[in-house]
Amino acid sequence: MNDPSPRPDPALPAEYGPWEAPREHTARELARLLGLLDTCGFPVAGVALGHGRDAASRRAATAFAEAWQRRGGYLSAVVDWPEDAASWLRQARRLTEPEPDAWVVAAPPLGWSRLSRRLRRSTGWEARRTFGFASLGDSRAVTLAGPGVLHGMRGATANGAVWRVERGWIVESGQD
């Protein structure tokens, strides 16, 4: 199989560091993320919500869950994961087995790059149906995930702009 191994070379993350903890999400970021789900080009009712175990990612995930459910959406799964694990297979399966319409992710870039490799290799996950908070609009996550793994993923910046992964790059477009 040509997909990257879920376990990257252990030396790689150090070459791209330092790895700061995600910043707190903003109201504009959350509003844009909800808007992206409304205008993504396919119907979204059920969302699998994934998040890192750091405090900022947990708060962002909680804020999204509350806002999503107030709008009448439902959460098909809520899954967290560690920055480092043996394989992330259990978390990958929990995120994809309910077959959500989309995935929303709040996490540090390093842990997300590792989990996304497992998702790509072992599940039916699709990056184009995945939306992230500002912390994931980081080119290092794209590089560490490997060629094509995150292509099509999009998300919101802290100031309400949109980022998306295209051909290995993070591309930002304007805000409201």
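Residues numbered from 1 in each chain as written. Predicted model: local features only at pLDDT ≥ 70, side-chain atom pairs only at ≥ 80, totals over all residues. Heavy atoms only, no water.

A few words now on the pattern of salt bridges. Scanning the entire structure with this criterion turns up eight salt bridges. D38 is the salt-bridge partner of R71, the closest N and O atoms lying 2.3 Å from each other. Of the two residues, R71 sits in the loop between α3 (55-70) and β2 (74-81) while D38 sits in helix α2 (residues 27-38), which places them 33 residues apart along the sequence. Residues R114 and D84 are paired through a salt bridge, measuring 3.7 Å at the closest nitrogen-oxygen approach. Of the two residues, R114 sits in helix α5 (residues 109-122) while D84 sits in the loop between β2 and α4 (89-96), which places them 30 residues apart along the sequence. One continuous salt-bridge network, built from bridges that share partners, spans E126, R128 and R129. (Salt bridge = Lys/Arg side-chain N within 4 Å of Asp/Glu carboxyl O. Helix = DSSP H or I, 4+ residues; strand = E, 2+ residues; numbered from the N terminus.)

What follows covers the pairing of strand β1 (residues 46-52). In terms of burial, β1 is a largely internal element, seven of the seven residues being buried. Of the strand pairs in this sheet, β1 and strand β3 (residues 102-106) are connected by five bridges, and their pairing is parallel. Each bridged residue has a counterpart across the sheet, and for L49 the counterpart in β3 is V104. (Buried < 20%, exposed > 50% of the residue type's maximum accessible area, 1.4 Å probe, protein only. Pairing = 2+ DSSP bridges.)

Here we take up unusual backbone geometry. Most peptide bonds take the trans form, and the phi angle of most residues other than glycine is negative. In this structure, E99 takes a positive phi of about 50 degrees despite not being glycine. Position of E99 relative to the elements: it lies in the loop between α4 and β3. Unlike most non-glycine residues, R167 shows phi in positive territory, near 50 degrees. As for its position among the elements, R167 is in the loop between β6 (162-166) and β7 (169-173). Looking at R167, the relative accessible area reads 75%, which means it is exposed.

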